[in-house]
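Here's the letter readout for the chains.
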Amino acid sequence: VLAIHTISSPVLSIDCFTDFSATYDSYELEVYNLAFSVTDALKYRFAVAGAADTTGNYAYAGSYITSAGTTGSMGSTSDSSCPVNHGNVSTGIHQTAIIRITNANSTNYKQARIWSHSKISGTFETTDVGLSLSTASAVTGLQLYGAAGETISSATVIVRGVPKI
């Protein structure tokens, strides 16, 4: 375990900006019991040089299925961040997610895979999203935040480094 971020009072974002290093090429973030103060959608950005990368260099594709049997997809070739789920998470509902980052120290594409589970519009949703970021810089961490700017009222984020082979 490289870091544990525990949120017990409202914040606009969970900034894990400097949790990565050259020691590992891959990382796994476990997000537990993340809840918004007001309904919002969870998104994330990579950190480069200790700050959120807000460029339009994110490309992602994903799919979701709800407990009501609804399925769908989402994607972009030039976004400034990546969604963790497809819709807004209801106020006070806790979301869980696992984010796996590979090639963090690459001078080309960084990649991530997200699996999340949340309650959206009265049904439960499972989401699977793949992401790539085109930047010549190493990724130093990650930022989680609400798409509409709402506060995160609680969460625990565990950051783990995956040993090089």
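Placed above this text is the structure.
Residues numbered from 1 in each chain as written. Predicted model: local features only at pLDDT ≥ 70, side-chain atom pairs only at ≥ 80, totals over all residues. Heavy atoms only, no water.

This part is about the pairing of strand S6 (residues 58-66). Only one face of S6 is covered, namely the face carrying Tyr58, Tyr60, Gly62, Tyr64 and Thr66; the face carrying Ala59, Ala61, Ser63 and Ile65 is uncovered. Summarising the sheet, S6 and strand S7 (residues 71-79) pair through seven bridges and their orientation is antiparallel. Directly across from alanine 61, in S7, lies its bridge partner glycine 75. Where S6 folds back on S7, the antiparallel hairpin that results is connected by four residues, among which glycine 69 adopts a positive phi of roughly 90°. (Buried < 20%, exposed > 50% of the residue type's maximum accessible area, 1.4 Å probe, protein only. Helix = DSSP H or I, 4+ residues; strand = E, 2+ residues; numbered from the N terminus. Pairing = 2+ DSSP bridges.)

Overall, the coordinates contain four aromatic pairs when judged by the stated rule. Arranged with centres 3.9 Å apart and planes meeting at 5°, the rings of phenylalanine 20 and tyrosine 27 form a pair that is stacked. Accessibility expressed as a relative area gives 0% for tyrosine 27, which makes it buried. On the basis of an interplanar angle of 20° and a centroid distance of 6.2 Å, the ring pair of phenylalanine 46 and tyrosine 58 is categorised as stacked. Within this pair, whereas phenylalanine 46 is found in strand S4 (residues 42-48), its partner tyrosine 58 is found in strand S6, the two being separated by 12 residues in sequence. Tyrosine 58 shares its class with phenylalanine 46; the two are buried. What links up through ring pairs into an aromatic cluster is the set Phe20, Tyr24 and Tyr27. (Phe/Tyr/Trp six-rings, centres within 6.5 Å; stacked < 30°, edge-to-face > 60°.)

Ile14, Leu29, Tyr44, Phe46, Ile101 and Leu144 are the most contacted members of the largest nonpolar core, which has 34 residues in total. Among the elements that make up this core, the one with the highest residue count is strand S3 (residues 26-36) (five residues). Ignoring sequence-local partners within four residues, the contact set of isoleucine 14 consists of His5, Ile7, Leu34, Leu142, Gln143, Leu144, Ile152, Ala155 and Val157. (Core = buried A, V, L, I, M, F, W, Y, C linked by side-chain atoms within 4.5 Å. Contact = heavy atoms within 4.5 Å.)

Note on backbone geometry: most residues besides glycine have negative phi, and most peptide bonds are trans. Backbone geometry at alanine 49 places phi at a positive 55°, although glycine is not the residue there. Mapped onto the elements of the fold, alanine 49 is located in the loop between S4 and strand S5 (51-52).

Take the environment of threonine 135 next. Note on placement: threonine 135 falls in the loop between strand S11 (123-134) and strand S12 (139-146). Once the C-alpha coordinates of threonine 135 and alanine 41 are considered, the two residues, 94 residues apart in sequence, prove to be 25 Å apart. Aside from chain neighbours lying at most four places away, what touches threonine 135 is Val48, Asp53, Ser106, Thr107, Asn108 and Lys110. Within the structure, the side chain of threonine 135 is placed 3.4 Å from the backbone nitrogen of serine 137, a separation counted as a polar contact. (Polar contact = N/O pair within 3.5 Å; in protein donor to acceptor, adjacent residues only side chain to side chain.)

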